[in-house]
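Given next are the chains, with one letter for each unit.
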Amino acid sequence: MKVIIVGAGFGGLAVANTLKNSNLDVLLIDKNNYHLFQPLLYQVAVSALSPGDIAYPVRGIFKNTKNIRVLMEKVVNVDLRSRRVSVSGSETFDYDYLVLAPGAETSYFGNVEWKDYAIALKSLPDALTIREKILSTFEEAEKLAYKNLDISKHLTFIIVGGGPTGVELSGAIAELIYKTILPDFPLLRHKKINVILIDAGNRLLSSYPEELSEYTYKSLTSLGVKIYLNTRVTSIEKNVIRTTQGTFSAFNIFWAAGNIASPLLKSLPVKLDRQGRVVVNPDLSIPGFPDAFVIGDSASFTDKNGETLPAIAPVAMQQGKHVGKIILEGLPFGLRPDFVYRDKGTMATIGKARAVAYLKGQSFKGWFAWLLWSLVHILFLIGFRNKIRVMLEWIWYYITNKSGARLIVNAFRKDNSKNS
Ligand SMILES: Cc1cc2nc3c(=O)[nH]c(=O)nc-3n(C[C@H](O)[C@H](O)[C@H](O)COP(=O)(O)OP(=O)(O)OC[C@H]3O[C@@H](n4cnc5c(N)ncnc54)[C@H](O)[C@@H]3O)c2cc1C
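Residues numbered from 1 in each chain as written. Predicted model: local features only at pLDDT ≥ 70, side-chain atom pairs only at ≥ 80, totals over all residues. Heavy atoms only, no water.

Observations regarding the environment of Gly276
Item 1. Examined against the element boundaries, Gly276 turns out to sit in the loop between β19 (259-261) and β20 (278-279).
Item 2. For Gly276, a relative accessible area of 15% translates into the label buried.
Item 3. Taking the C-alpha atoms as reference, Gly276 lies 28 Å from Leu331; in sequence the two are 55 residues apart.
Item 4. Apart from residues no more than four positions distant in its own chain, Gly276 is found in contact with Ile260, Ala261 and Leu265. (Helix = DSSP H or I, 4+ residues; strand = E, 2+ residues; numbered from the N terminus. Buried < 20%, exposed > 50% of the residue type's maximum accessible area, 1.4 Å probe, protein only. Contact = heavy atoms within 4.5 Å.)

Pasting the structure below:
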């Protein structure tokens, strides 16, 4: 029996791990040669971690597993009727079972032109672009300050989206600037810097209890982040963002506001929801195609309470395990158990020793939540070396406020230091 898994993210890896060392012939296809731990991407963006700390080669994960073959290819088409996937090199691969786990991309809510001016945080290249942009801007600002020229656009940093990614990114940018960068730039002044977080809703972290949203608001404010709630972005152009609360000029505009499922799903002859996800059966199979499944950020799954599951890593991992078991046991459609999500809680970090967590109906905040957040992230990182490295980096940062990866490597390759 041939099984094809598309995507070596959280969902795809969970399927592969369930099927490893079985008598199934598994082909795991990913367009990258690494598994990316997206929850720590923002730490690469703010120079706290290096790319290799949060990414792990997929081949390395399965190097001793005889029944799993890894292919670095982009899947461009899926023919559910012929049970065949096509990759960008135009080769095709046949399957008996298919699991689609290609994740999601950034959505600019139909304003595709904004993507050129507001950098998203979804991939390693995104994180490195943000990192270089922030560091290059400070180098440029110091030079202009030396000549007494206007640097207000250089010193304004705008983050759009008050969900976990926007909160984590804005808190980390504020800490990076105030605690780590400014001491190295004697001509730049604390009070001239603006880190601005914009959200259309009336509170941050809207999926968390209100008391945690309030704590997050206060914590970010104390870190120096200016928060604009009930503020809708109306347009973004080069270095300018217009909102319902006014216009801001900034060289650094970052987008953490929306998700849309992988465009690969558009090739399927099935119903997609508003976020482009496949509306799956209770066993996670595709309606009409019982041997093809969609999991993780690409799947729209409604539980027994009528709630659509959120796009988070635990959902993808549990769904991967569920589908893996169905395939392993060869359960026919109709005899398969429904997928049931076990919610173990959600967490978001705000800054050093500050986080929020909502676990089993209980709210936690501050240092304890941050410790929990740190332990959980270390636990789920792949690779012993990565776990140790990340832990040491965090301890070092905790003690010194210094992050090690503040390197600009592309400045003279593509004139990255010039903003205008
Ligand atoms: C910045 C950020 C922070 C986050 N923080 C958290 C957090 O704190 N906690 C949490 O639970 N969740 C968090 N998430 C969400 C979490 O990362 C996702 O829910 C999870 O990664 C979804 O898993 P997945 O397997 O569906 O997709 P992914 O993990 O995204 O994996 C998809 C894989 O498919 C591959 N792929 C895509 N298209 C193709 C193609 N056409 N051909 C071949 N391969 C393809 C990709 O390269 C990727 O490896 C965060 C996400 C981001 C972006």
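Here we look at the packing of aromatic side chains
Item 1. This structure, assessed with the given rule, holds 11 aromatic pairs.
Item 2. The interplanar angle of 25° and the centroid separation of 5.4 Å between the aromatic rings of Trp370 and Tyr398 together place this pair among those described as stacked. With Trp370 in helix α9 (residues 367-380) and Tyr398 in helix α10 (residues 384-400), this residue pair connects regions lying 28 residues apart in the sequence.
Item 3. The buried category is assigned to Trp370, whose relative accessible area is 14%.
Item 4. Exposure remark for Tyr398: the relative accessible area of 35% places this residue in the partly exposed category.
Item 5. One cation-aromatic arrangement involves Lys352 over Tyr397; the distance from NZ or CZ to the ring centre is 5.8 Å.
Item 6. Positioned over the ring face of Tyr398 is Lys352, at 5.3 Å from the centre of the ring. (Phe/Tyr/Trp six-rings, centres within 6.5 Å; stacked < 30°, edge-to-face > 60°. Lys NZ or Arg CZ within 6 Å of the ring centre and 35° of its normal.)

Side note on the sheet that holds strand β11 (residues 119-120)
Item 1. Taken together, the 5 strands give an open sheet; going across it, the order is β11-β18-β12-β13-β14, and neighbouring strands pair in parallel fashion. A single partner strand is all that each edge strand has here, and the edge strands are β11 and β14 (225-228).
Item 2. Note: strand β13 (residues 194-198) against β14, 4 bridges, orientation parallel. Looking across to β14, one finds that Val195 is bridged to Val225.
Item 3. On top of the sheet, helix α6 (residues 164-181) reaches β12 (156-160), β13, β14 and β18 (252-255); it is set at about 175° to β13, its chief contact.
Item 4. Against the sheet, helix α7 (residues 210-222) engages β13 and β14, with an angle of about 135° to β14. (Pairing = 2+ DSSP bridges. Axes fitted to C-alpha atoms, helices over the stretch in contact; angles between N-to-C directions.)

Re the environment of Pro287
Item 1. Looking at the secondary structure, you find Pro287 in the loop between β21 (285-286) and β22 (289-294).
Item 2. For the pair Pro287 and Lys271, spaced 16 residues apart in the sequence, the C-alpha separation amounts to 8.7 Å.
Item 3. Sequence-distant contacts of Pro287, that is, excluding residues within four places in its chain, are made with Val270, Val279, Val280 and Asn281.

Here we look at the packing of helix α5 (residues 124-146) against α6
Item 1. The N-to-C vectors of α5 and α6 enclose an angle of 40°; their axes lie 12 Å apart at closest approach. In terms of orientation, α5 and α6 fall into the oblique class. Relative to α6, α5 is oriented so that their crossing is right-handed. In contact with Ile134, Leu135 and Phe138 of α5, α6 contributes Ile173, Leu176, Ile177 and Ile181.
Item 2. For the contact of α5 with α6, the per-class residue count stands at 7 nonpolar, no polar and no charged. (Parallel < 35°, antiparallel > 145°, perpendicular 65-115°, else oblique. Left-handed = near helix turned anticlockwise from the far one by under 90°. Nonpolar A, V, L, I, M, F, W, Y, C, P; charged D, E, K, R; others polar.)

Notes on the site of the ligand
Item 1. In the vicinity of the ligand, 26 residues are found, and the nearest of them are Gly11, Asp30, Gln38, Val75 and Asp297.
Item 2. Within the backbone of Lys31, an N or O atom sits 3.1 Å from a nitrogen atom of the ligand.
Item 3. One nitrogen or oxygen atom from the main chain of Ala313 is found 2.9 Å from an oxygen atom belonging to the ligand.
Item 4. Burial of the ligand by the protein chains amounts to 90% of its free accessible area of 990 Å².
Item 5. Counting residues per element, the ones that place at least two in the shell around the ligand are α1 (10-19) and α8 (313-329).
Item 6. Among the elements that make up the shell around the ligand, the one with the highest residue count is α8 (3 residues).
Item 7. Tallied by class, the residues present in the shell around the ligand amount to 12 nonpolar, 8 polar and 6 charged. (Near = heavy atom within 4 Å. Polar contact = N/O pair within 3.5 Å; in protein donor to acceptor, adjacent residues only side chain to side chain. Areas by Shrake-Rupley, 256 points an atom, 1.4 Å probe, with all protein chains shown as cover.)

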